[in-house]
Amino acid sequence: MASAETSNGDTQRGDTLPNGDVYVGNFDGLVPHGMGKYMWTDGALYDGEWDKSKMTGRGIIQWPSGASYEGDFRGGFIDGTGTFKGVDGSVYKGSWRMNKKQGMGTMVYSNSDMYEGLWNEGLPDGFGKYTWAAGNIYIGIWKSGNMNGRGVMQWINGDTLDCNWLNGLAHGKGYCKYASGACYIGTWDRGVKDGHGIYYQPGSKIPCNLEVSECATNNDGTSASSSSNVKTKIGLLFLLQNICNTRGLRRFFHRPKRISNGTTPIFYDDSRNHLSQDLCNKSLSSNERLQDSDVHKDLVYEREYVQGVLILEHPKGKDSGMLDSGETQENTWQKQARGPMETIYKGHRSYFLMLNLQLGIRYTVGKITPVPLREVRSNDFGPRARIRMYFPCEGSQYTPPHCSVNFFWKDYCPMVFRNLREMFHIDAADYMMSICGGDSLKELSSPGKSGSIFYLSQDERFVIKTLRKSELKILLKMLPKYYNHVKAYDNTLITKFFGVHRITLKAGKKVRFVVMGNMFCTELRIHRKYDLKGSTQGRSTRKQKINENTTLKDLDLSHTFHVDKPWREALFRQIALDSMFLESQSIIDYSMLLGIHFRAPQHLKAAMSHQNTLESSGISSAMDGTVPPHYEDTSSSKGFLLVAHEPGTTVGGSHIRGSMVRASEGGYEEVDLVLPGTGRFRVQLGVNMPAQARKLLEITDPVEEYDVVLYLGIIDILQEYNVSKRVEHAVKSLKFDPLSISSVDPNLYSKRFVSFLERVFPEQD
């Protein structure tokens, strides 16, 4: 081909390459350099700047499909800012990194939806605004193309929902503000209301301490999506991006990898809409969009939902009877938003204690893990089997420098607890990441009755509890027998211990900790928690103190639970074995911690269609807090399914170990629990156990049954029947029935405990 010399000395010519591609433009020696056009054999064409055989600078590329891009290139990749037009008519304008949308950008999809905000690896990720063609708007946090994090959804009819989101669905604490002026404050689970909440009718005084997100609704009821502050935030992000690009500052923030050979851009047309088009097309259902009603005298109502079904409603302050008679909710929104725990932050009273604990566990696990796994020996137990280390702030030969305070660390029986973690298939790296990773621990907002403080790992797999000195001694004393019991019985219900530690501060203050498995670490929402001892004296909760986070007691329980016959037999066989072990160690005051996940009854779902009709016309059928009895249908199907077990397809519980239980319903085979719309779960003794909850009513009342999923575990096993407990028993016996008080002989305690649970889990009729 012909060639010519340019003014700057570069050669301009056209060449056909051996692979059939054609390049016409400037060369530097034998490689394309400067301005030029490159056509691939498949018909793709690039026209723009080159740098030593790489597309670098400004240019335009067109594909045979009709898609095109105009903008920056770097090292052979689309990299910088530019505009991509998809073959389907979609248009993206914004920042790129190595052929993928990265940074600030605006995407107009083929269906006229629009997203403007941050991108990562080609997907919306970070703060952004999505506007549907129908007019609905979401402003908030995104992750991997889905709404994930805090955000506000506004429907075209004026309803707004400020909530946490998970994979595109409302999930967590939030509040709805309706166009009518009504407001609902509560909790959502995978897109539906679930749990306790407060409903404010139009005209009622809505609390001013709502913990709104930065993209919350305005006072006039409009979404912040139309407010200037959100536009300003997105505008500033775009401005910063433009300044970085135009002023040459971008290289300080991003240095893409340079590819040494090849000129064909590795780019895929991913202009398809990553968000389900009908995900948020619909506004709130008539069940949620409650209109003004003149028939109510009270304007504020306490409500309870189960998987989107309104179970009960009562005027706030009156006896609500939320599934268990006598419960009320006095929480303000501020308390609800905070929840039962708070993340430990810098300046928190437990901040340095948390840092010390994380440092110590990281050191101990790192030290013990390389040691070959072996059976424990007698010298692995007792107070002398320990690791002791000093952690000065400036660091030492064995410890790293840290930003906490000087402290002494003691780890008790490290080899024993290492073996216990192995029994429950807890990987050492996962254990350290869960407790000692970059995230802080969470502290329960109220301590236990004994004064112990509870912490949770961020993933909520582990509970960390402070111990009294006497409790530590009891644990170390019983540890050999405990280890043998846990090893012998795979499905033991007794608390799983994974580590015992002590921190000594410079002032001499000693804090003792035990790390345990969290039996409520599950994807399912725990609607009710009970601490059951089998005693009656003082075993009820004051009504004014009850909220959705309360752990209730024996006298608060108003249900019995019916489980499959083989499961009941296996359950009480294990309860008897565990109780015998605790009795042999002279332990009392232990209890069965029972967690209940309610499934929405099908007959209530059917009745909701009737309720929706009434509410949409401004009339509520929930004035008395009940569903009309003539809409009940006890022949409806269950809220779960039992299917043959398929390994690898199920979600396990927390620290599951041992054999699965078998169900008569499944032909006495191992089964999985399938919850429609939720997932598939592995069923084991005390974990993910389906049952029917039957409410204890008067003989003349109709039977109320709920499908439930149960979680069971025996906790608080560190109290001996010692001299002080004997004195307590003697004193209380003068005033109360000796059999009703908690402090009794271990043998009697064990028998009473099992007998009570047999009434809670009666045999099938």
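As the structure is a computational prediction, the values presented were derived from the model and not from experiment. (Residues numbered from 1 in each chain as written. Predicted model: local features only at pLDDT ≥ 70, side-chain atom pairs only at ≥ 80, totals over all residues. Heavy atoms only, no water.)

> When you look at the pattern of salt bridges in this model, what are you seeing that I'm missing?
Pairing between side chains of opposite charge can happen when their charged atoms approach one another. Inspection of every chain in the model, using the stated rule, returns 21 salt bridges. Across the salt bridge formed by Arg190 and Glu523, the nearest N and O atoms sit 3.5 Å from each other. Here the residue Arg190 occupies a position in the loop between strand S17 (183-189) and strand S18 (192-193), and Glu523 occupies one in the loop between strand S29 (510-517) and strand S30 (528-532), the gap between them amounting to 333 residues. Its relative accessible area of 42% is what places Glu523 among the partly exposed residues. Between Arg680 and Asp672 there is a salt bridge, with the nearest N and O atoms lying 3.0 Å from each other. (Salt bridge = Lys/Arg side-chain N within 4 Å of Asp/Glu carboxyl O. Helix = DSSP H or I, 4+ residues; strand = E, 2+ residues; numbered from the N terminus. Buried < 20%, exposed > 50% of the residue type's maximum accessible area, 1.4 Å probe, protein only.)

> Would you take a moment to explain the sheet that holds strand S38 (residues 689-695) for this structure?
Backbone hydrogen bonds hold the strands of a sheet together, and the pairing may be parallel or antiparallel. Taken in spatial order, the six strands of this open sheet run S31-S30-S33-S39-S38-S32, and their pairing is mixed. Edge positions in the sheet fall to strand S31 (551-552) and strand S32 (559-562), since each of these pairs with one other strand and no more. Contacts between helix H8 (residues 565-584) and the sheet are confined to strand S33 (591-599), S38 and strand S39 (705-715), with S39 contributing the most and set at about 25° to the helix. (Pairing = 2+ DSSP bridges. Contact = heavy atoms within 4.5 Å. Axes fitted to C-alpha atoms, helices over the stretch in contact; angles between N-to-C directions.)

> Any chance you could explain the environment of Thr495 here in plain terms?
Within the secondary structure layout, Thr495 lies in the loop between helix H7 (469-488) and strand S28 (497-505). For the pair Thr495 and Met516, spaced 21 residues apart in sequence, the C-alpha separation works out to 7.0 Å. A distance of 2.8 Å separates a polar side-chain atom of Thr495 from the backbone oxygen of Ile714. (Polar contact = N/O pair within 3.5 Å; in protein donor to acceptor, adjacent residues only side chain to side chain.)

> Help me understand the packing of H8 against helix H11 (residues 746-760) in this model?
Helix-helix packing: each pair is described by the crossing angle between the helix axes and the interaxial distance. Close contact between H8 and H11 brings their axes to 9 Å; oriented N to C, the two are set at 165°. The pairing of H8 with H11 is recorded here as roughly antiparallel in orientation. Judged by the sense of rotation from one axis to the other, the crossing of H8 with H11 is right-handed. Mapping the contact onto sequence places Arg568, Phe572, Ile575, Ser579 and Glu583 in H8 and Pro746, Asn747, Ser750, Phe753, Val754, Leu757 and Glu758 in H11. By residue class, the composition of the contact of H8 with H11 is six nonpolar, three polar and three charged. (Parallel < 35°, antiparallel > 145°, perpendicular 65-115°, else oblique. Left-handed = near helix turned anticlockwise from the far one by under 90°. Nonpolar A, V, L, I, M, F, W, Y, C, P; charged D, E, K, R; others polar.)

> How should I be thinking about the pairing of strand S13 (residues 137-143) in this particular structure?
The element S13 is largely enclosed, with a buried count of five among its seven residues. Sheet analysis places strand S12 (residues 123-131) next to S13, joined by six bridges and oriented antiparallel. Residue Lys129 lies in a different strand from S13, and its bridge partner there is Ile139. Once S12 ends, the chain turns through five residues before running back antiparallel as S13, passing Gly135 with a positive phi of about 110°. Counting the residues that bridge the hairpin from S13 to strand S14 (residues 146-154) gives two residues, and of these Ser144 lies at a positive phi of roughly 50°.

> Can you help me understand the packing of aromatic side chains in this one?
Think of a pair of aromatic rings as described by two things: how far the centres are apart, and how the planes are tilted against each other in angle. By the definition in use, this model includes 37 aromatic pairs. On the basis of an interplanar angle of 90° and a centroid distance of 5.1 Å, the ring pair of Tyr92 and Trp96 is categorised as edge-to-face. Like Trp96, Tyr92 is buried. A centroid spacing of 5.2 Å and a plane angle of 85° characterise the contact between Tyr115 and Trp119, whose relative ring orientation is edge-to-face. Each member of the pair Tyr115 and Trp119 is classed as buried. In this structure, Lys193 packs its charged tip against the face of Tyr184, placed 4.3 Å from the ring centre. (Phe/Tyr/Trp six-rings, centres within 6.5 Å; stacked < 30°, edge-to-face > 60°. Lys NZ or Arg CZ within 6 Å of the ring centre and 35° of its normal.)

> Is there a simple way to think about the pairing of strand S19 (residues 195-200) in this case?
The two faces of the sheet receive side chains in turn, since in a regular strand these alternate between them. Most of S19 sits inside the fold, with six of its six residues counted as buried. With three bridges joining them, S17 and S19 adopt antiparallel strand pairing. Considered in S19, the bridge of Tyr184 is made with Tyr199. Here S19 runs beside strand S20 (residues 300-306); their pairing, made up of six bridges, is antiparallel. Of the residues in S20, the one forming a bridge with Tyr199 is Tyr301.

> Explain a negative patch on the surface here, please?
On the surface, a cluster of negative charge is made up of Asp427, Asp430, Asp439 and Asp459. Relative to the elements of secondary structure, Asp439 occurs in the loop between helix H6 (428-436) and strand S25 (442-444). Using a relative accessible area of 52% as the deciding quantity, one classes Asp439 as exposed. (Patch = residues over 30% accessible without salt bridge, like charges linked within 9 Å, V, L, I, M, F, W, Y side chains within 5 Å. Areas by Shrake-Rupley, 256 points an atom, 1.4 Å probe, with all protein chains shown as cover. Lys, Arg positive; Asp, Glu negative; His and termini not counted. Charge placed at Lys NZ, Arg CZ, Asp CG, Glu CD.)

> Please clarify how a positive patch on the surface should be interpreted in this entry.
On the surface, a cluster of positive charge is contributed by Arg384, Arg386, Arg388, Lys469, Lys473 and Lys510. Looking at the positive patch, the elements that each hand over two or more residues are strand S23 (386-391) and H7. Note that Arg386 resides in strand S23. A relative accessible area of 39% means that Arg386 is categorised as partly exposed.

> I tried to follow H6 on my own but got confused; where do I start?
For the α-helix, the turn length of 3.6 residues means that residues three or four positions removed from each other point alike. Taken together, the buried positions of H6 are Tyr431, Ser434, Ile435 and Cys436. With its buried residues spanning 160° around the axis, H6 presents them on a single face. Against helix H4 (351-368), helix H5 (414-423), strand S27 (462-467), S28 and S29 lie the buried residues of H6. One side-chain oxygen at the N-terminal end of H6 lies 3.0 Å from the backbone nitrogen of Ala429; it belongs to Asp427. (Arc of directions from axis to C-beta.)

> Explain the packing of H4 against H5 to me, please; I cannot follow it from the model alone.
One way to put it is that H4 packs onto H5 with a least axis distance of 11 Å and a crossing angle of 80°. In terms of orientation, H4 lies roughly perpendicular with respect to H5. Here Thr364, Val365 and Ile368 of H4 lie close against H5, whose contacting residues are Pro414, Met415, Arg418 and Arg421. Of the residues assigned to the contact of H4 with H5, the class counts are four nonpolar, one polar and two charged.

> Help me understand the nonpolar core in this model?
Side chains of nonpolar character tend, in soluble globular proteins, to be buried together. In this structure, Phe561, Leu710, Ile717 and Phe761 are the most contacted members of the largest nonpolar core, which totals 124 residues. Residues within four places of Ile717 in sequence aside, it is in contact with Met478, Tyr482, Ile494, Phe497, Leu582, Ile587 and Tyr590. One finds Trp40, Tyr130, Trp165 and Tyr305 within the second-largest nonpolar core, a separate group that totals 41 residues. (Core = buried A, V, L, I, M, F, W, Y, C linked by side-chain atoms within 4.5 Å.)

> What's the story with a nonpolar patch on the surface in this structure? I'm lost.
Among the surface-exposed residues, Val723, Val727 and Val731 lie close enough to one another that they form a single nonpolar patch of about 280 Å² accessible area. As for its position among the elements, Val723 is in helix H10 (residues 723-733). Taking relative accessible area as the criterion, Val723 reaches 63% and is therefore assigned exposed.

> Please clarify how unusual backbone geometry should be interpreted in this entry.
A negative phi angle is the norm for most residues apart from glycine, just as the trans form is the norm for most peptide bonds. The residue Ser53 is not glycine, and still its phi comes out positive at about 75°. Mapping Ser53 onto the fold places it in the loop between strand S5 (45-51) and strand S6 (54-62). Looking at Ser53, the relative accessible area reads 19%, which means it is buried. At Asn99, a position not held by glycine, the phi torsion is positive, near 75°. Among the structural elements, Asn99 can be located in the loop between strand S9 (91-97) and strand S10 (100-108). For Asn99, a relative accessible area of 6% puts it in the buried group.

> Just checking my understanding: could you explain the sheet that holds strand S22 (residues 341-343) for this structure?
Judged by pairing direction, the sheet is antiparallel, and its eight strands sit side by side in the order S22-S25-S26-S27-S29-S28-S24-S23 without closing on themselves. Since the sheet does not close on itself, it has two edges, and those belong to S22 and S23, each with one partner. Going across the sheet, the axis of each strand differs from the next one's by a mean of 25°, ignoring polarity. Set on the sheet, H4 makes contact with S23, strand S24 (407-412), strand S26 (454-456), S27, S28 and S29; between it and S24 the angle comes to about 50°.

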